[in-house]
Amino acid sequence: MEVRDAVDSDAEALAAIADAPTRAMRRLIRDRTVRVATDDAGADPNVDAPAADTPILGFVGFDVRDGVVHVTRLGGTEDATRRLLEEPLRFASVEGLPVEVLVVEDEPALRAAVKHAGFERVGDGPRFDGYPTIRYRLTETT
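Residues numbered from 1 in each chain as written. Predicted model: local features only at pLDDT ≥ 70, side-chain atom pairs only at ≥ 80, totals over all residues. Heavy atoms only, no water.

Caption draft 1: Structural view of the overall build of the chain. On a plain count of helices and strands, the chain comes out with four helices and seven strands. When the helices and strands of the chain are placed in sequence order, the string is β-α-α-β-β-β-α-β-α-β-β. Evaluated residue by residue, the chain yields a buried proportion of 38% over its 142 residues. Looking at the chain alone, contacts between residues at least 24 apart form 57% of all its contacts between residues at least 6 apart. For the chain, the exposed surface amounts to about 8100 Å²; the carbon and sulfur share of it is 46%. (Helix = DSSP H or I, 4+ residues; strand = E, 2+ residues; numbered from the N terminus. Buried < 20%, exposed > 50% of the residue type's maximum accessible area, 1.4 Å probe, protein only. Contact = heavy atoms within 4.5 Å. Areas by Shrake-Rupley, 256 points an atom, 1.4 Å probe, with all protein chains shown as cover.)

Now the structure itself:
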């Protein structure tokens, strides 16, 4: 698995993973820090493969507001989401900031990935597209 910055041409694949409009994913890529996990199995390390030829396994979008790193979108395979959560955690560790993530209640794989990364449930979050969310926070990012 390889992790890289998302580019505009990734928007359609991210939309499929997130079950969201491509336009919304393109806006996410432009407005936030977005990293994608790709399947590098069988890739020739001596050849730069075009992004469109490498399947995207997952993505994470995050930004900083009010002294907190907020994971604004997360999706993909369980392995990919676990690996991708390392990206905002690494950034938060360098900056000395806590991290928060909202997970829709009926997404057990994402809840498992968040708990695996050490996040603790701190309460209910706002409704997202009509679905209840859970707010998780990680204050120790070292």
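Caption draft 2: Region of the structure containing the pattern of salt bridges. If you walk through the whole model with that rule in mind, you get 13 salt bridges. Between Arg-82 and Glu-78 there is a salt bridge, with the nearest N and O atoms lying 3.1 Å from each other. Residue Arg-82 and its partner Glu-78 are both found in helix α3 (residues 78-95); the two are separated by four residues, about one turn of the helix. Its relative accessible area of 38% is what places Glu-78 among the partly exposed residues. Residues joined by salt bridges that share partners form a network here, namely Asp-5, Arg-35, Arg-83, Glu-86, Glu-87 and Arg-90. (Salt bridge = Lys/Arg side-chain N within 4 Å of Asp/Glu carboxyl O.)

Caption draft 3: Seen up close, the environment of Val-71. Topologically, Val-71 is positioned in strand β4 (residues 68-76). Given the relative accessible area of 6%, Val-71 is considered buried. On a C-alpha basis, the gap between Val-71 and Val-60 in space is 7.1 Å, while along the polypeptide they are eleven residues apart. For Val-71, the contacting residues outside a window of four places in its chain are Val-60, Gly-61, Phe-62, Pro-88, Val-99, Glu-100, Val-101 and Leu-102.

Caption draft 4: Inspection of the pairing of strand β3 (residues 56-65) at higher detail. Counting buried positions along β3 gives seven out of ten residues, so the element sits mostly inside the fold. Bridge count for strand β2 (residues 33-38) against β3 is six bridges, and the pairing is antiparallel. Across the sheet, residue Thr-33 finds its bridge partner in β3, namely Phe-62. With eight bridges connecting them, β3 and β4 associate as antiparallel partners. Bridge assignment links Val-64 to a residue of β4, and that residue is Val-69. Between the antiparallel neighbours β3 and β4 lie two residues, among them Asp-66 with a positive phi of about 50 degrees. (Pairing = 2+ DSSP bridges.)

Caption draft 5: Representation of the confidence of the model for the chain. When pLDDT is averaged across the chain, the result is 90; 89% of the residues are at 70 or more. No element of the chain has a lower mean pLDDT than helix α4 (residues 108-116), which averages 91, and none a higher one than β2, which averages 97. (pLDDT = per-residue confidence, 0-100.)

Caption draft 6: Just the sheet that holds strand β1 (residues 2-5), in detail. Sheet architecture is open: seven strands sit in the order β1-β2-β3-β4-β5-β7-β6, paired in mixed fashion. Strands at the two margins of the open sheet, each flanked by one partner only, are β1 and β6 (120-128). If you compare each strand with its neighbour and ignore which way they point, the axes differ by 25 degrees on average. Here β4 runs beside strand β5 (residues 99-104); their pairing, made up of three bridges, is parallel. Bridge pairing in β5 places Val-71 opposite Val-101. Across the face of the sheet, α3 comes into contact with β1, β2, β3, β4, β5 and β7 (131-138) while running at roughly 25 degrees to β3. Where α4 meets the sheet, it contacts β4, β5 and β7, and its direction lies at approximately 160 degrees from that of β5. (Axes fitted to C-alpha atoms, helices over the stretch in contact; angles between N-to-C directions.)

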